[in-house]
Amino acid sequence: MGFSADSQKEGFGSSWGGLKSLVRRKQVDSAHSKRLGHHQLAKELTVPHLIAIGVGSTIGAGVYILVGTVAREHSGPALTISFLVAGIAAALSAFCYAELASRCPSAGSAYHYSYICVGEGVAWLIGWALILEYTIGGAAVARGISPNLAMLFGGESSLPIFLARQHIPGLDIVVDPCAAVLVFIVTGLLCVGIKESTFAQGIVTTANVCAMIFVIVAGGYLGFKTGWTGYELPTGYFPFGVDGMLAGSATVFFAYIGFDSVASTAEEVKNPQRDLPLGIALALSICCGLYMLVSVVIVGLVPYYDMDPDTPISSAFASNGMQWAAYIITVGAVTALCSTLMGSILPQPRILMAMARDGLLPSFFSDVNKRTQVPVKSTLATGLVAAVLSFFMDVSQLAGMVSVGTLLAFTMVAISVLILRYVPPDQVPLPSSLLESIDSVTLRYRDAQVISGDSLKVSSSGDSSHPLLGKKDVAVYGSIIEKALASCIVNEENRRKIAGWTIMLTCVGAFTLTYAASNLWLPSLLRFTLCGAGGVLLLFGLIFLTCIDQDDARHNFGHTGGFLCPFVPLLPIACILINVYLLINLGAATWIRVSVWLLIGVIVYAFYGRSHSSLLDAVYVSVAHADEIYRSSGDSLA
C-alpha cells in the first residue's frame, strides 16, 4: 500500500497526538462530494432574493431608536458621518465574505470557510458561537415585537389576553405568548421552502423600507419648511469632536450586522459566483444609504440635545405638528422586527446542517426534506428553542452575546482570505473508501517518476541528436536543472511557512494593540510598550505580506471565476483590526457569559464532534492528484 506512509507524512502524523483533529481541514464542496451522498438544498435564489434577505436581516427596529441615543451622547449633527464610517468598516467584512462565498458556495457561512482554511477546532468554535448568536438574536427580536405591536393598536392592554404579556408571580417571570407565536409562524414559513419564505421576507422588508422612505421624504419637507434648525447650532457640526463621531461609528456599526445572512444561503443560489457578491454589496449599500438619509433628516429637524432617546423619530415629527406620523413609524418598526426575526432564524438551520454533514453534530440535523429541499428538522429545532426562550426569558441582557458571534465570524473570515491568498490548503482529505484508487494513482506516479528518471540518465549519458553538447556538458546541464527545481521547491515551502507565521503574528499584533489601547487601567509604561509592540507586529505583517508573492494555487482554489477581494493584504488586516477592537470593548460581563457557552462547546466537541468527524479516517492527498483519484474511482465502479 504505497500511499499510507505518504498520507501520514503529508497529512497529520501520529506525532500530533490528540491535537491533530483541531487542525484537520476539509475540502471545498464540489461535484465529487455530491456524488458521495450530500443532501442538496434547492437552488432557487437570485439577486433580488438575496437583497431581500440582506436588507431584511440588517435593518431592524434599532435604527428607529439608535439615531437618538448616538446623536445625544456621541455624534451630534455628525451622525451621518458616523453611519458612513461604520458602513465603510462593514464593507471591509463584506468584501471578504463576497470572495469566500463565491469560492466556497455551500451552507455554513463563516463556519464553512474556517473549516476549509483554518481547521476543525476553530471552525467548531465559530459554528458554536453562531448558534448562540442566532438563537439569542431571534429570541430578543421576537420579544421586541409585542410592545411595538401593542403600541400600534393603542397601548399595552390592546392585545388579546392570549397574546399579551403576563406576569407569573410565583416564578417572577414575564411570559410573552405573542413572541412565541410569531417565532412559530416564521418557522413554519421557513419550512415551506426557501423561495416562498424569501418572497414573504421581501414583502415585509419592502414595507419597512417604505416607512423609512416616508421618514426621509416627509422629514425633508419639514426640514426645508422650518430651516433645518438642528444644524444651526453654536456647537458646530462636531460638538463632541472627531473622537465622539468615531465613538458613534463604533456604536452604529452593529446596525450593519445581518448582511452575513446572505452568505449562509450560498448553496441555494442559482449562480453563486455572480449573484452572491452582488447581493451582499447591494444589500449593504441600500442599508448604508437609508441609514445616512434618515440620520440627515432627523438630526436636522431637532437639535441633538433635545432628541427623545426612546422615540427620536416619532418625537421629531410630533414636535413639528405631525403626530399621526407615529403610526407609520410604528408600522416600520414592527415590519423591521419581523424581517429581522426571519433573518435571525434562517441561517441557523443551515449552520446546524453543515456541522452535521461534517459529523460534528448528530445526522438528525443534516436531513433535507425531499419535497421542499429545506433542512426541516434543523429549522423546527431552531424555532422550538427560540420560541421557548422568547416565551419565558427576557433576553435583552444577553443581547451583547449576539455581537460576539458576529464579530468572531467577521474576524475569522478576514483571516481566511489571507490564508487563501498566501497559504491555501495544498492537500485535500479523501474518504478511506477511495484508498484503492489512491494507491493505484500513487503507484502510477511513482512508476512514471522512475521511468522518467531512467530516461534522463540515458539522455544525459550522451545523445547523437545533440552533437554540440559533450557528455560532461549534458551531465552538468542536467545537474543545474535538478538543483534549480529543488531550490524552487525549497523556496516555495519556505515562502508558505514564512507567510503562515506572518499572518499569525499580524493577528497577535492586532490583538495586542487593540487590547492595550482599550484598557486605560493598565500602567502607562506597560500600556505604551504593548501598543508599540502590537503596532510593530501589525506594520511588519502588512509590509511583509505586501512585498511577497501570493500563492499561485489561489487561482484554482474552490470555484473560480467569482469575486476577488481587492487590496489584499491591507483590507483583510484592517478588517481584523476593527473587529478585534470591537470584540475587546464588548465588556467583561458579556465575555464571561460567552466563555461559559464556548466551554460547553469544547466539552461537546471533545466527547462527540472529535470522534464522529467525517475527517476521522480521511486520507490527505495533494490537490493536484485529487481529481485523477476521483476519476480513477469512477472508472473502477463503472
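Predicted, not measured: the structure shown is a model, and the values here were computed from it.

Rules and cut-offs
- Position numbers for residues count from 1 along each chain, tracking the sequence in the order it is written.
- This being a predicted model, a pLDDT of at least 70 is required before a residue's local features are given, and a value of 80 or more before pairs of side-chain atoms are given or counted; all residues contribute to the totals for chains, interfaces and linings.
- Here the side-chain values reflect all heavy atoms present in the structure, with hydrogen atoms and water set aside.
- In this analysis, axes come from line fits to C-alpha atoms, helices being fitted only over the stretch in contact, and the angle between any two N-to-C directions falls in the range 0 to 180 degrees.
- Helix and strand assignments come from DSSP, with helices taken as H or I runs of at least 4 residues and strands as E runs of at least 2, each series counted from the N terminus.
- Here the word oblique covers every angle except those under 35 degrees (roughly parallel), over 145 (roughly antiparallel) and from 65 to 115 (roughly perpendicular).
- If you view the pair so one helix is near and one far, a crossing is left-handed when the near helix is turned anticlockwise from the far one by less than a right angle, and right-handed when it is turned clockwise.
- By the convention used here, residues are in contact when the closest approach between their heavy atoms is within 4.5 Å.
- Here the nonpolar group is Ala, Val, Leu, Ile, Met, Phe, Trp, Tyr, Cys and Pro; Asp, Glu, Lys and Arg are the charged ones; every other residue, Gly included, is treated as polar.
- Among buried residues, the Ala, Val, Leu, Ile, Met, Phe, Trp, Tyr and Cys ones that are joined through side-chain atoms within 4.5 Å form a nonpolar core.
- A 1.4 Å probe rolled over the protein chains alone gives each residue an accessible area, and that area as a share of the maximum for its type sets the label: buried under 20%, exposed over 50%, partly exposed in between.
- Salt bridge, as used here, is a side-chain nitrogen of Lys or Arg placed within 4 Å of a carboxyl oxygen of Asp or Glu.

Right, let's talk about the packing of helix α8 (residues 120–152) against helix α17 (residues 376–392) for a bit. Taken N-terminus to C-terminus, the directions of α8 and α17 make an angle of 45°; their axes are 8 Å apart at the nearest point. What the angle tells us is that α8 and α17 run oblique. The element α8 and its partner α17 pack so that their crossing is right-handed. Counting all contacts with α8, which are made through T135, I136, A139, A142 and R143, the residues of α17 involved are V385, A386, L389, S390, F391 and F392.

Running from N to C, helix α6 (residues 79–103) and helix α7 (residues 109–117) cross one another at 70°; their axes reach a closest spacing of 11 Å. In terms of orientation, α6 lies roughly perpendicular with respect to α7. Of α7, the residues touching α6 (which contributes Y97, L100 and A101) are S109, A110 and Y113. In terms of residue class, the contact of α6 with α7 is made up of five nonpolar, one polar and no charged.

On to unusual backbone geometry. Here the bond from V568 into P569 is cis, since omega is 15°, no more than 30 degrees from zero. For W228, which is not glycine, the phi dihedral falls at a positive 50°. Within the fold, W228 resides in the loop between α10 (194–226) and α11 (241–252). Even without glycine at this site, Q373 takes up a positive phi of about 55°. Residue position: Q373 is located in the loop between α16 (347–357) and α17.

With 157 residues, the main nonpolar core has Y64, Y97, Y291, I298, I313, F317 and L341 as its most contacted residues. For this core, the leading source of residues is α8, giving 16 residues. In terms of nonpolar packing, the next biggest core, distinct from the first, is built from 10 residues, I438, V619, V621 and I629 among them.

One pass over the full model with this rule turns up 12 salt bridges. The residue E99 makes a salt bridge to R421 at a minimum N-O spacing of 3.0 Å. A residue pair is termed long-range when its members are at least 10 positions apart, and E99 in helix α6 and R421 in helix α18 (residues 399–422) qualify at 322 residues. Like R421, E99 is buried. The salt bridge partner of D551 is R495, with a shortest N-O separation of 2.7 Å. Taken together, the residues span a long stretch of sequence, with D551 in the loop between α21 (524–547) and α22 (570–584) and R495 in helix α20 (residues 471–518) at a distance of 56 residues. We classify D551 as buried; its relative accessible area is 6%. Owing to a relative accessible area of 13%, R495 belongs among the buried residues under this scheme. Ionic contacts of the salt-bridge type, sharing partners, join the residues D426, R495, R496 and D551 into one network.

Any functional reading would require information beyond the geometric quantities listed.
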